[in-house]
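# Secondary and tertiary structure notes
What follows is each chain in one-letter form.
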Amino acid sequence: MRIGAHVDPADPLAEAAARGAEAVQFFLTDPQSSKTPEPREDVERLRASEVDIYIHAPYRINVASPNNRIRIPSRKLLLTHARAAAEVGAKGLIVHGGHVGGGADLADGFVSWRKVFEYAESEGGFPLPILIENTAGGDNACARRFDDVARLWDEVGRFGAGFCLDTCHAFAGGEDLVGIVDRVKAITGRIDLIHANDSKGGFDSGQDRHDNLGSGKIDPELVVAAIRASGAPAIVETPGGVEGQSADIALLRQRSGA
Ligand SMILES: [Zn+2]
């Protein structure tokens, strides 16, 4: 079982070492920006590292938007980040499922997702797995309710899309964590990564507010069970820096016997 943390991008390997982590996730740019990633000086070190690298796409990306001035640049930016992520040897690029907003038809969002993969194929394909993450909220979200994830997968499954299951988002999004891995796998056939987070917000609150394991509203045993059942690596995206995240990683290791 490989466990790690979402860390500051300045020196991810040092952050991993400080936490005793076997995996790290970080952003290649300011997550609130639409910037193109700059070449990194530590590319060779990242590629050679035994630490598994995951890259999180910027929050600004919403490939499902009905607004073509958001949707089209999002599609392109996702491919740009995918190429930059592959450059550093990442195992996957995580991107939120996105949303179509109030008054729009969610069906159009799923079709837009299909177009993301068609566009990428026309450009030579994604150079690494794209892991679509479930979200806690979002106005008319593509990947909050698992019924919608099923409709999404009808469009993207054939392209080899991957799935990142965030336990905070699932809980706050109104999906029961008991037996969740089986329910996801029945839809997607795969879970590539677990975001192992507790939730400050209550069940079905729609609030994307991560908390340290055991400090929020989720029974940590259910997070451990999800990691175990999935067999996937886990990343904590929790507060508290080295101290807070090291405690979360230790809790996961202890309770899972890893
Ligand atoms: Zn997450």
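Model, not experiment: these values are computed from the prediction.

## Structural notes on the UniProt feature "domain: Xylose isomerase-like TIM barrel" (unreviewed entry) in the protein
UniProt records the feature "domain: Xylose isomerase-like TIM barrel" (unreviewed entry) for residues 13-254 in the present numbering. Here residues 13-254 runs as 42% helix and 14% strand, with 23 Å between its end C-alpha atoms.

## Details of the pairing of strand β3 (residues 52-56)
Summarising burial for β3: five of the five residues are buried, a large majority. Of the two faces of β3, both are covered, the one formed by D52, Y54 and H56 as well as the one formed by I53 and I55. As defined by bridge partners, strand β2 (residues 23-27) adjoins β3 across five bridges and the pair is classed as parallel. Pairing of V24 across the sheet is with I53, part of β3. In this fold, the crossover linking β2 to β3 by way of helix α2 (residues 43-48) has right-handed handedness. Sheet analysis places β3 next to strand β4 (residues 92-96), joined by three bridges and oriented parallel. Looking at the pairing, I55 lines up with L93 of β4. Remark: the β3/helix α3 (residues 68-87)/β4 crossover connection has right-handed handedness.

## Describing the packing of aromatic side chains
Counted under the stated rule, the structure contains six aromatic pairs. With centroids separated by 5.4 Å and ring planes inclined at 75 degrees, the aromatic side chains of F117 and F126 adopt a geometry described as edge-to-face. Neither residue differs from the other here; F117 and F126 are each classed as buried. When the ring of W153 is compared with that of F163, the centres are 5.7 Å apart and the planes differ by 75 degrees; the resulting orientation is edge-to-face. A residue pair is termed long-range when its members are at least 10 positions apart, and W153 in helix α5 (residues 146-156) and F163 in strand β6 (residues 162-166) qualify at 10 residues.

## Things to note about the sheet that holds β3
Strand order in the closed barrel made by the eight strands is β1-β2-β3-β4-β5-β6-β7-β10, with parallel pairing throughout. Geometrically, the sheet is characterised by an average inter-axis angle of 30 degrees between neighbouring strands, direction not taken into account. Sheet strands touched by α3: β3, β4 and β5 (130-133). Its angle to β4, the strand with the most contacts, is close to 150 degrees. Relative to the sheet, helix α9 (residues 241-256) contacts β1 (3-6) and β10 (234-236), its axis offset from that of β1 by approximately 155 degrees.

## Notes on the coordination of the zinc ion
At the metal site, the zinc ion is ligated by E133 (OE), D166 (OD), H195 (ND1) and E237 (OE), and these contacts range over 2.0 to 2.2 Å. One can describe the site at the zinc ion as irregular: its four donor atoms subtend angles covering 83 to 171 degrees at the metal. All donors of the zinc ion come from a single chain, and their spacing in sequence reads E-x32-D-x28-H-x41-E. With a gap of 62 residues between them, E133 in strand β5 and H195 in strand β7 (residues 193-195) connect regions that are remote in the sequence. Owing to a relative accessible area of 0%, E133 belongs among the buried residues under this scheme.

## Focus: the environment of G231
Note on placement: G231 falls in the loop between α8 (220-230) and β10. Spatially, the C-alpha atom of G231 lies 9.3 Å from that of I194, the residues being 37 residues apart in sequence.

Here is what the cut-offs are and how they apply
Note on numbering: residues in each chain are counted from 1, in written sequence order. At least 70 in pLDDT is required for a residue's local features to be given in this predicted model, at least 80 for side-chain atom pairs to be given and counted, and no such filter applies to totals for whole chains, interfaces and linings, which use all residues. Values reported for side chains reflect all heavy atoms of the structure, with hydrogen atoms and water molecules removed beforehand. UniProt positions are given in the numbering used here, feature names are shortened, and annotations may be inferred rather than shown by experiment. Only DSSP runs of H or I covering at least 4 residues are called helices, and only runs of E covering at least 2 are called strands; the numbering of each starts at the N terminus. Using a 1.4 Å probe on the protein chains alone, a residue whose accessible area is under 20% of its type maximum counts as buried, one over 50% counts as exposed, and one in between counts as partly exposed. Any two strands are treated as partners once DSSP identifies two or more bridges connecting them. Look down the strands so they point away from you; if the path from the first strand over the helix to the second goes clockwise, the crossover is right-handed. Side-chain rings of Phe, Tyr and Trp, where Trp is taken by its six-membered ring, are said to pair if the distance between their centres is within 6.5 Å; with planes under 30 degrees apart they count as stacked, over 60 as edge-to-face, and otherwise as tilted. In this analysis, axes come from line fits to C-alpha atoms, helices being fitted only over the stretch in contact, and the angle between any two N-to-C directions falls in the range 0 to 180 degrees. A contact between two residues is defined here by any heavy atoms of the two lying within 4.5 Å. Donor selection uses N, O and S atoms within 2.8 Å of the metal (3.2 Å for Na, K and Ca). Since no water is included, sites may look incomplete. When four donors show all angles between 85 and 135 degrees the site is tetrahedral, when four or six donors have opposite pairs over 155 degrees and all other angles between 65 and 115 it is square planar or octahedral respectively, and in every other case it is irregular.

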